[in-house]
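Listed here are the chains, written in short residue letters.
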Amino acid sequence: MKVTEEEIRPDKVFKEYLELTNKDVVTYFSNSKRTEISCPACGGEGMLWAEKAGFSYKKCDTCITIYVSPRPERSAFDSYYTDSPSTKFWATTFYKVTESARREKLWKPKAQMIKDRIIQYENNDPVMSIVDIGGGYGVFDEEIKNIMDIRAIVIEPSVHLAAICRNKGLDVIEKFMEDILPDELPSGRKCFVSFELFEHLHDPRVFLETVFAGMNSNDLFIFTTLSGMGLDIQVLKSNAKALSPPHHLNFMNPKSVSLLLEQVGFNVLEAITPGKLDIDILKNNQHFLEEDFWKNTLNYLSDNELSELQLHISNAGLSSHMMITCQKA
Ligand SMILES: [Zn+2]
């Protein structure tokens, strides 16, 4: 199914969201103490790569992860996500305008991909339940239950979002992942999932250690996030909408995130970039393109040829949307 940037991120309403965000950045981050950090994937040294909205992104010399450094302290992010006007706008207005397009174009295919992975890696030990970390509105959980006979548990610390999930008849644990006790999760083999969360995390390693600690041996963990090796991000740099501080702090890539996961103790089964939007995003941002290769290519190739090229980009691991499947040994 064809999906375009405009359907899931309509320009007009996204601009309003960005304006609110710019104000919030001043309110919540201008007085926050910032600390230089090393690469969150490999611990290597980074060099300045791009600047945006008063935040600096560095690129790791070793593993090409892109990350915000110096990084404001965690408390600034906590209060930003708890009660800022732009966060509220995203959760209400933006979400409502895009809900049905997102359900059809993003969540249904995602549910199918997760189902495929679960079947692929089941190996005669059936997965009994899905644990959706930061499940938000629970749309994924509704969709996976439509196509699979599986229990879905949403872990969602926000009171507002947890209530929405409960009203949909979903099982909700209204807590942060790190506060969950082992007996709150069902027994039997589980597949933990987390979507579009990893790029926001103040400390990705701590998050992975927390998930790992909450898993039993043989449980799966599948998550999606942005890849800094993605075509549109590499080409557009600070003009890429994905480079959106204070939201997106970590842009690992299939190789660097695999390295980190293995250090934490996971077996990485698959690290792919199934993204479909890179070329469409470049087309919508042609005015920012400076070098000839992409400027000319986008006009030279037909729509069908560009779709082919997008497929090659994804298959080569160079789309900006990635999906990782791993397992606790
Ligand atoms: Zn690195």
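All of the points below concern the structure found in this document. (Residues numbered from 1 in each chain as written. Predicted model: local features only at pLDDT ≥ 70, side-chain atom pairs only at ≥ 80, totals over all residues. Heavy atoms only, no water.)

Remarks on the packing of aromatic side chains
So, step 1. Under the criterion given, the structure shown has 23 aromatic pairs.
So, step 2. On the basis of an interplanar angle of 15° and a centroid distance of 6.5 Å, the ring pair of Tyr17 and Phe89 is categorised as stacked. Of the two residues, Tyr17 is situated in helix 2 (residues 11–29) and Phe89 in helix 4 (residues 85–120); the sequence distance between them amounts to 72 residues. Like Tyr17, the residue Phe89 is buried in the burial classification. (Phe/Tyr/Trp six-rings, centres within 6.5 Å; stacked < 30°, edge-to-face > 60°. Helix = DSSP H or I, 4+ residues; strand = E, 2+ residues; numbered from the N terminus. Buried < 20%, exposed > 50% of the residue type's maximum accessible area, 1.4 Å probe, protein only.)

A word on the nonpolar core
So, step 1. The biggest cluster of nonpolar side chains holds 32 residues, and the ones touching the most others in it are Phe198, Leu208, Phe221 and Phe266.
So, step 2. Listing elements by their share of this core, those giving two or more residues are strand 6 (127–133), strand 7 (151–155), helix 7 (204–214), strand 10 (220–226), helix 9 (254–264) and strand 13 (321–328).
So, step 3. When sequence neighbours within four positions are dropped, the list of residues in contact with Phe221 reads Ile133, Phe192, Val193, Ser194, Phe207, Leu208, Val211, Met215, Phe266, Ile324, Thr325 and Cys326.
So, step 4. Ranked by size, the runner-up nonpolar core spans 18 residues in total, among them Tyr28, Ala50, Phe77 and Leu226. (Core = buried A, V, L, I, M, F, W, Y, C linked by side-chain atoms within 4.5 Å. Contact = heavy atoms within 4.5 Å.)

Things to note about the coordination of the zinc ion
So, step 1. For the zinc ion, every protein donor is listed as Cys39 (SG), Cys42 (SG), Cys60 (SG) and Cys63 (SG), and the spread of their distances is 2.2 to 2.3 Å.
So, step 2. Coordination at the zinc ion is tetrahedral: its 4 donor atoms span angles of 100 to 117° at the metal.
So, step 3. Of note, the zinc ion draws all its donor residues from one chain, in the sequence arrangement C-x2-C-x17-C-x2-C. Of this pair, Cys39 sits in the loop between strand 1 (34–35) and strand 2 (46–52) while Cys60 sits in strand 3 (residues 55–60), and the two are 21 residues apart along the sequence. Comparing Cys39 with Cys60 shows no difference in burial state: the two are buried. (Donors = N, O, S within 2.8 Å, 3.2 Å for Na, K, Ca; no water. Tetrahedral: all angles 85-135°; square planar, octahedral: opposite > 155°, others 65-115°.)

Focus: unusual backbone geometry
So, step 1. Geometrically, the link from Ser69 to Pro70 is a cis peptide bond, its omega value of 0° lying close to zero.
So, step 2. Along the polypeptide, Pro70 turns up in the loop between strand 4 (66–68) and strand 5 (71–72).
So, step 3. Not every positive phi belongs to a glycine, and Ile64 is a case in point at roughly 65°.
So, step 4. Along the polypeptide, Ile64 turns up in the loop between strand 3 and strand 4.
So, step 5. Ile64 gets classed as partly exposed once you look at its relative accessible area, which sits at 33%.
So, step 6. You will see that Asn124, though not glycine, has its phi angle at about 65°, which is positive.
So, step 7. Looking at the element boundaries, Asn124 is found in the loop between helix 4 and strand 6.

Points about the pattern of salt bridges
So, step 1. Per the counting criterion, the structure on display carries 18 salt bridges.
So, step 2. Lys168 is the salt-bridge partner of Glu142, the closest N and O atoms lying 3.0 Å from each other. Within this pair, whereas Glu142 is found in helix 5 (residues 139–147), its partner Lys168 is found in the loop between helix 6 (159–167) and strand 8 (171–173), the two being separated by 26 residues in sequence.
So, step 3. Among the ionic contacts, a cluster of salt bridges with common partners joins Glu99, Arg103, Glu142, Glu143 and Lys168. (Salt bridge = Lys/Arg side-chain N within 4 Å of Asp/Glu carboxyl O.)

Section: the environment of Lys283
So, step 1. Within the fold, Lys283 resides in helix 10 (residues 278–284).
So, step 2. The exposure class of Lys283 is partly exposed, given its relative accessible area of 32%.
So, step 3. When the C-alpha atoms of Lys283 and Trp294 are compared, they prove to be 9.2 Å apart, with 11 residues separating the residues in sequence.
So, step 4. Among residues more than four places away in sequence, those in contact with Lys283 are Leu298, Asp303 and Leu306.

Looking at the sheet that holds strand 3
So, step 1. The 4 strands lie next to each other as 2-3-4-11, forming an open sheet whose pairing is antiparallel. Either end of the sheet is taken by a strand with one partner, and the two such strands are strand 2 and strand 11 (250–251).
So, step 2. In terms of strand pairing, strand 2 meets strand 3 through 6 bridges, oriented antiparallel. Bridge pairing in strand 3 links Gly46 to Cys60. (Pairing = 2+ DSSP bridges.)

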